[in-house]
Amino acid sequence: MPQDVNLVFDFDAPSDANSAAALANAENYMRALTHGMTQQDPEDPAYKYYSEGLAAQYAKSQIQTMVKGGWTVNGTDEYYNAKATPLSNKNIVVTFCRNQAKFYGKEVKTGKILRTEESLASYEKYTLLMNPPSASSKIWKAMVIEVAGKSEECKAA
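These lines cover the structure that appears in this document, whether it is placed above or below. (Residues numbered from 1 in each chain as written. Predicted model: local features only at pLDDT ≥ 70, side-chain atom pairs only at ≥ 80, totals over all residues. Heavy atoms only, no water.)

1. So, the overall build of the chain
As a reminder of what qualifies: Runs of H or I in DSSP of at least four residues are treated as helices and runs of E of at least two as strands, each being numbered from the N terminus. Throughout, the radius of gyration refers to the C-alpha atoms, and the reference size of a globule is 2.2 Å times the residue count to the power 0.38. The cut-offs for exposure are 20% and 50% of the maximum accessible area for each residue type, with area from a 1.4 Å probe on protein chains only; residues under the lower value are buried, those over the upper are exposed, and the others partly exposed.
Scanning the chain for helices and strands turns up four helices and six strands. For the chain, the N- to C-terminal ordering of α and β elements is β-α-α-α-β-β-β-β-β-α. Taking 15 Å as the expected radius of gyration for a compact globule of 157 residues, we find that the chain reaches 15 Å, a close match to that expectation. By principal-axis analysis of the C-alpha atoms, the chain measures approximately 50 × 35 × 25 Å. By residue count, 41% of the 157 residues in the chain fall in the buried class.

2. A word on the packing of aromatic side chains
To keep things clear, this is the line we draw: Only centres within 6.5 Å qualify two rings of Phe, Tyr or Trp (six-membered ring in Trp) as a pair; their planes then separate them into stacked at under 30 degrees, edge-to-face at over 60, and tilted for everything else.
Here the structure, examined in full by the defined rule, presents six aromatic pairs. Consider the rings of Phe11 and Phe96, whose centres lie 5.6 Å apart with planes at 45°: the pair is tilted. Of this pair, Phe11 sits in the loop between strand 1 (5-10) and helix 1 (17-39) while Phe96 sits in strand 3 (residues 92-107), placing them 85 residues apart in sequence. Residue class for Phe96 comes out buried when judged on its relative accessible area of 1%.

3. Structural notes on the environment of Gln64
You can see Gln64 is positioned in helix 3 (residues 53-69). On the basis of relative accessibility, which here comes to 38%, the residue Gln64 falls in the partly exposed class. Along the sequence, Gln64 and Thr116 sit 52 residues apart, while their C-alpha atoms lie 22 Å from each other.

4. Observations concerning the nonpolar core
What counts is decided by this rule: To form a nonpolar core, buried Ala, Val, Leu, Ile, Met, Phe, Trp, Tyr and Cys residues must be joined to one another through side-chain atoms within 4.5 Å.
One finds Tyr29, Met30, Val94, Phe96, Leu128 and Met130 to be the most contacted residues of the largest nonpolar core, which totals 33 residues. For this core, the elements supplying multiple residues, two or more each, are strand 1, helix 1, helix 2 (45-50), helix 3, strand 2 (71-86), strand 3, strand 5 (123-131) and strand 6 (141-149).

5. Focus: the pattern of salt bridges
We count it as follows: The rule for a salt bridge is simple: a side-chain nitrogen of Lys or Arg has to be within 4 Å of a carboxyl oxygen of Asp or Glu.
Counting across every chain of the model gives seven salt bridges. A salt bridge links Glu43 to Lys60; the shortest N-O distance between them is 2.7 Å. In this pair, Glu43 is assigned in the loop between helix 1 and helix 2 and Lys60 in helix 3, connecting sequence segments 17 residues apart. On the basis of relative accessible area, Lys60 is assigned to the partly exposed category, the value being 28%. Between Lys125 and Glu153 there is a salt bridge; the shortest N-O distance is 3.1 Å.

6. Description of the side chain of Asn74
What counts, and what does not: In protein, a polar contact means a hydrogen-donor-capable atom and an acceptor-capable atom, both N or O and within 3.5 Å, with residues adjacent in sequence counting only if both atoms are side-chain atoms; elsewhere, any N or O pair within 3.5 Å suffices. Whether two residues are in contact is decided by their heavy atoms, any of which lying within 4.5 Å being enough.
Within the fold, Asn74 resides in strand 2. You can call Asn74 buried: its relative accessible area is 8%. At 3.0 Å, the side chain of Asn74 forms a polar contact with the side chain of Asp4. With residues up to four places along the chain from it excluded, the contact list for Asn74 reads Asp4, Val5, Lys102, Phe103, Tyr104, Lys106 and Ile113.

7. Some remarks on unusual backbone geometry
Leaving glycine out, the prevailing phi sign among residues is negative, and the prevailing peptide bond configuration is trans. Residue Gln40 is not a glycine yet carries a positive backbone phi of 60°. On the secondary structure map, Gln40 appears in the loop between helix 1 and helix 2. Judged by its relative accessible area of 24%, Gln40 is partly exposed. Despite not being glycine, Lys150 has its phi angle at roughly 50°, a positive value. The residue Lys150 is located in the loop between strand 6 and helix 4 (152-156) in this model.

Geometric values such as these leave the question of function open.
Structure below.
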């Protein structure tokens, strides 16, 4: 990551090994998504490594939007209040909150930081469906991602 980008994950590791691994790779998926934005690469291999299906499509579309707009990111992005819930089919649902009040867009050409004031829009709740490792992959991968904006729950957490 560039020096002006700081991702903070304030997560407690679950005691269950699978839940801990799924949470760690959900964290890596978020890092990879940000990496793609900073590299201005909608085909960045980092997010492809940690995701598949709809989660990979989401990452690509987010990166494409940033590239098309001529933006990258800057500041501190905070993630907290994580929970990993195993499902009967061996998948794990990972949820966490995000506070992006100190995380801004930045114009690629000028370097101008597009500051915004903290508001309810600064808080989002993420839900990721994590797939267990397969024969071809040794890691948990994000399959589906859902982002709920303006999260009162996350602002209060």
